[in-house]
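# Summary of the model geometry
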Amino acid sequence: MAPSLFNRTMLPSFLSASLLFGAALSSPSERLQSRETNLDPAININFPDPAALLDTDGTWYAFATNGNGKNVQSASAPSISGPWTVLSNDLLPTVGAWSNGANVWAPDVRIIGSTYVLYYTATDAASTNQHCVGTATSDTILGPYTPQSDTIACNITAGGAIDPSGFTDTDGTHYVVYKVDGNSVGHGGSCGNTVAPIVPTPLMLQQLAADGITPVGSPIELLDRGDADGPLIEAPRLILVNGVYVLFFSSNCYSTTLYDISYATASSVKGPYTKSSAPLAVTGNPFNLTAPGGSTATADGKNMVFHANCEAGRCMYETTITVSGTTVSIP
Ligand SMILES: *[C@@H]1O[C@H](CO)[C@@H](O)[C@H](O)[C@H]1NC(C)=O
Ligand SMILES: *[C@@H]1O[C@H](CO)[C@@H](O)[C@H](O)[C@H]1NC(C)=O
């Protein structure tokens, strides 16, 4: 059965994961059992690590990693399912002074009161192999956003901090989740972290003050990689649906066909989080796409944007999702 092919308990290590996956792709009977629905890009340009936000006027916006001459790319649509129009704005023409301005990755925008808050990754000015997470604010959704001069997460010795995503709990408490980029200080192999000793790549939860930008207390760890995740987990996104906290993430190296969209669930925002028995999306299942990942589920848990390989690089795709208890599925 296709689902059990991707069952985490059957994937004791990165090596056997890749062998098993190769076997799955080469076995005609297994291929028949997997769904390979064709899905067209929602945004057919290089638009990696997309985030999506419903603005107060009912317009949807999407944001993406630097590319096409911009630090923060954007697009808008009348509905999450499109049609999407790529916008010419660069939302963050000036990066925080803590950064050398390079590699503005995985932006996310959240509405905090009457302010738009942009969370983003960029290269640290002092440790140029590592990244930190910064914030910027604007009165309008397309900016330009004014960067804060301080980071909200760095952890350089552990590998830096990347992939921020905002979350507001039902009690109004603001958080940001992000990844400690341990594989950037790994010892080699796929994405730098399949050679022992394997370095942790935990997803962290940082509470924020009412302004959505000032850290409150220390970050706590929500989840870390395991053998089935290969070198890393990354690209966290937290939502709350019917009392269940759903933490989406990607496993494995983005430049390989093993990259995926996975999730873990908890009944408390601080965890403990339990990984699902199988990823939500992998290469060829349920979509005829390669290396799906970098997802952002909408706050209502009904839709998801993500990237997958395409001719232009990594295009944005969109799908409906269903969250039922602690199970997420793609209908
Ligand atoms: C830095 O990351 C490590 C995980 O590699 C974590 O244990 C530690 O708590 C983090 N420290 C801070 C200050 O975020
Ligand atoms: C998957 O997409 C490729 C093109 O990207 C196409 O050649 C192939 O026929 C598709 N497979 C299925 C099962 O539709």
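The structure contained in this document is the topic of the report that follows. (Residues numbered from 1 in each chain as written. Chains lettered and ligands numbered in written order. Predicted model: local features only at pLDDT ≥ 70, side-chain atom pairs only at ≥ 80, totals over all residues. Heavy atoms only, no water.)

Further remarks concern the overall build of the protein chain. Along its length, the protein chain carries 3 helices and 21 strands. Burial statistics for the protein chain: of 331 residues in total, 55% are counted as buried. Within the protein chain, residue pairs in contact and separated by at least 24 positions form 51% of the contacts whose partners lie at least 6 positions apart. For the protein chain, the computed accessible surface area is about 12900 Å², with 52% contributed by carbon and sulfur atoms. (Helix = DSSP H or I, 4+ residues; strand = E, 2+ residues; numbered from the N terminus. Buried < 20%, exposed > 50% of the residue type's maximum accessible area, 1.4 Å probe, protein only. Contact = heavy atoms within 4.5 Å. Areas by Shrake-Rupley, 256 points an atom, 1.4 Å probe, with all protein chains shown as cover.)

Counting across every chain of the model gives 6 aromatic pairs. For the pair Phe287 and Phe306, a centre-to-centre distance of 6.1 Å together with 20° between the ring planes defines the contact as stacked. Here Phe287 is found in the loop between strand S16 (274–275) and strand S17 (293–297), whereas its partner Phe306 is found in strand S18 (residues 303–310), with 19 residues between them in sequence. When the ring of Phe306 is compared with that of Tyr317, the centres are 5.9 Å apart and the planes differ by 25°; the resulting orientation is stacked. Of this pair, Phe306 sits in strand S18 while Tyr317 sits in strand S19 (residues 313–320), and the two are 11 residues apart along the sequence. This pair shows no difference in class: Phe306 is buried, exactly as Tyr317 is. An aromatic cluster is present here, built from Phe167, Tyr175 and Tyr245 joined pairwise through their rings. (Phe/Tyr/Trp six-rings, centres within 6.5 Å; stacked < 30°, edge-to-face > 60°.)

Once that is clear, we can look at the site of ligand 1. Taken together, Asn155, Ala158, Val180, Pro202 and Pro219 are the residues near ligand 1. One of the side-chain nitrogen or oxygen atoms of Asn155 is found 2.4 Å away from an oxygen atom of ligand 1. For ligand 1, whose accessible area on its own is 370 Å², the fraction buried by protein is 54%. Counted by class, the shell around ligand 1 contains 4 nonpolar, 1 polar and no charged residues. (Near = heavy atom within 4 Å. Polar contact = N/O pair within 3.5 Å; in protein donor to acceptor, adjacent residues only side chain to side chain. Nonpolar A, V, L, I, M, F, W, Y, C, P; charged D, E, K, R; others polar.)

Here the focus is the nonpolar core. Ranked by internal contacts, the top residues of the largest apolar core, which has 22 residues, are Val246, Phe248, Leu280, Met304, Ile321 and Val328. Breaking this core down by element, the ones donating at least two residues are strand S13 (233–241), strand S14 (244–251), S18 and S19. In terms of residue count, S18 provides more of this core than any other element does, 4 residues in total. If we ignore the near neighbours within four places in the chain, the residues touching Val246 are Arg237, Leu238, Ile239, Tyr263, Ala264, Thr265, Val323 and Val328. By size, the runner-up hydrophobic cluster in this structure holds 21 residues, among which are Tyr61, Leu92, Tyr116 and Leu142. (Core = buried A, V, L, I, M, F, W, Y, C linked by side-chain atoms within 4.5 Å.)

With that settled, consider the pattern of salt bridges. As a working rule, side chains carrying opposite charge can pair if their charged atoms are close by. Summed over the entire model, instances satisfying the criterion amount to 5 salt bridges. Close ionic contact of Glu234 with Lys179 constitutes a salt bridge, the shortest N to O distance being 3.2 Å. Here Glu234, found in strand S13, pairs with Lys179, found in strand S10 (residues 174–180); they are 55 residues apart in sequence, far enough to count as distant. Look at Lys179 and you get buried, because its relative accessible area is 0%. For Arg225, the salt bridge identified is with Asp227, shortest N-O distance 4.0 Å. Taking relative accessible area as the criterion, Arg225 reaches 18% and is therefore assigned buried. One continuous salt-bridge network, built from bridges that share partners, spans Lys179, Asp181 and Glu234. (Salt bridge = Lys/Arg side-chain N within 4 Å of Asp/Glu carboxyl O.)

What follows covers the sheet that holds S14. As summarised here, the arrangement of the 4 strands in space is S13-S14-S15-S16, forming an open sheet in which the pairing is antiparallel. A strand with exactly one partner marks an edge of an open sheet, and here the two such strands are S13 and S16. Where S13 lies against S14, 7 bridges are found, and the strand directions are antiparallel. Bridge pairing links Ile239 to Val246 in S14. (Pairing = 2+ DSSP bridges.)

What follows concerns the side chain of Asp124. Structurally, the position occupied by Asp124 is in the loop between strand S6 (115–123) and strand S7 (131–138). If we skip the residues at most four places from it in the chain, Asp124 touches Trp98, Ser99, Asn100, Gln130, His131, Cys132, Cys154 and Ile156.

Purely spatial values, then, with no claim about function.
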